[in-house]
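Structure at a glance
Each chain, letter by letter, is given below.
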Amino acid sequence: MYKKIALSVVLITSSLLASSLVDDAKKAGLVAIPSSKAALMKLIDNPKNPITGKKVELGKKLYFDPRLSKSGFISCNSRHNLSEGGDDGISAAIGHKWTANPHHLNSPTVYNAVFFSSQFWDGRDAHLEAQAQGPIQAAPEMSATPEHVVAVVTSMPQYVKDFKDAYGKDVKITFEKVADTIATFERVLVTPSAYDDFLNGKKNALTKEQKAGLKTFIDKGCVTCHTGIAVGGEMNAFNVTGTYKFQEVGDFRGNKDGLVKVPTLRNITQTAPYFHNGQFWELKDAIKEMGRIQLGTTITDKEASEIEAFLKSLEGRKKTIVLPQLPSSTALTPKSDIN
């Protein structure tokens, strides 16, 4: 009898503590990915270009098609590998002619990018449709012209048919339409996790260690920048209370106001190396550096381990993506140009 009573007390106490932690997280600005498909669609859909299954499937083909690049070798997936963290796992992104990013910037993850209020490290675009146009045209990336992209797509009868199926028989295939379609595919790359389950009411979704880490994450002030549904994705000041150890690697100093996009912490365990110029490979080291330069506090090894345990709960459930079969090139398809 006494053992049963003691167990009941433990369970009730644990439940109350979990509820309190959820309340604290929500008060701190943390937001879960909705468990309801209808609620999620309201967040990720674009009223100007509504998500449909056909657009998503066409966007996936274009995302994986290297022929959109000048070299015929680089696709969107080359820089944002969906097999892992949605990035490329190197310190500085590599593009056309093996060119490293001239500012020594790495590729942010595309997973959950639909939740970001700012795209690119300098936040110059607000949404995925605009962002999708940039890398295709950038000389150190895919190095293609809008004319090249349109010529590639319209040279293949299957792509023309796919666009008509997705947008209607009177669709005009433009560079902007191609980018919009890629963005539609990217909009559904959402990865709900145990963390979301916890905030959505599943009290045992997190381990004891992860709950302790979430509390430390809140108490240390990490939520000052890493907040909202993306647990990041907003613009914020950098080097607030100290100077980043590798500040001189590359010339990136933020936007005109010195602001830098806060990386999402979703799937952060799969997106090393860390920081804009990819100089930290160990997550605990990155956590401690953030405490020093952004919060003006020392994060101990124990606290860093607790926070890292919590961050593992942000490893999301990814949908299985089957590699698409791309249309065959024709005599009209532009030839690859590696120069």
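Report on the accompanying structure. Keep in mind that what you see is a predicted model, and the values were worked out from it rather than measured.

**Thoughts on the overall build of the protein**
A tally of regular secondary structure across the protein gives 12 helices and 2 strands. The linear arrangement of helices and strands in the protein, starting from the amino end, is α-α-α-α-α-α-α-α-α-α-β-β-α-α. Relative to its length of 339 residues, the protein is compact, with a C-alpha radius of gyration of 22 Å against a globular reference of 20 Å. In terms of its C-alpha atoms, the protein occupies a principal-axis envelope of roughly 80 × 50 × 30 Å. In the protein, which comprises 339 residues, the proportion classed as buried is 49%. Long-range pairs, those at least 24 residues apart, make up 73% of the contacts in the protein between residues at least 6 apart in sequence. Counting only carbon and sulfur atoms, one obtains 57% of the accessible surface of the protein, whose full area is about 16500 Å².

**A closer look at the nonpolar core**
One finds L62, L68, F115 and V178 to be the most contacted residues of the largest nonpolar core, which totals 42 residues. Broken down by secondary-structure element, the contributors of at least two residues to this core are α2 (37-44), α3 (53-64), α5 (128-137), α6 (146-154), α7 (157-167) and α8 (175-187). With near-sequence residues (within four places) excluded, F115 lies in contact with I33, L40, L43, I44, V190, I229 and A230. Of all hydrophobic cores here, the second largest spans 38 residues; its members include L105, L199, I268 and F280.

**Looking at the pattern of salt bridges**
The tally for this structure, following the rule as stated, stands at 19 salt bridges. For E57, the salt bridge identified is with K60, shortest N-O distance 3.5 Å. Here the residue E57 and the residue K60 both occupy positions in helix α3, the gap between them amounting to 3 residues, near one helical turn. You can call E57 partly exposed: its relative accessible area is 42%. For K60, a relative accessible area of 10% puts it in the buried group. Across the salt bridge formed by K70 and D337, the nearest N and O atoms sit 4.0 Å from each other. A residue pair is termed long-range when its members are at least 10 positions apart, and K70 in the loop between α3 and α4 (76-79) and D337 in the segment after α12 (301-311) qualify at 267 residues. Under the relative-accessibility criterion, K70 is labelled partly exposed at 26%. Within the structure, one salt-bridge network assembled from shared partners comprises R79, D88 and E141.

Calculation rules
- Residues numbered from 1 in each chain as written.
- Predicted model: local features only at pLDDT ≥ 70, side-chain atom pairs only at ≥ 80, totals over all residues.
- Heavy atoms only, no water.
- Helix = DSSP H or I, 4+ residues; strand = E, 2+ residues; numbered from the N terminus.
- Rg over C-alpha atoms; globule rule 2.2 N^0.38 Å.
- Buried < 20%, exposed > 50% of the residue type's maximum accessible area, 1.4 Å probe, protein only.
- Contact = heavy atoms within 4.5 Å.
- Areas by Shrake-Rupley, 256 points an atom, 1.4 Å probe, with all protein chains shown as cover.
- Core = buried A, V, L, I, M, F, W, Y, C linked by side-chain atoms within 4.5 Å.
- Salt bridge = Lys/Arg side-chain N within 4 Å of Asp/Glu carboxyl O.

In short, the description is geometric, and any link to function would need to be established separately.
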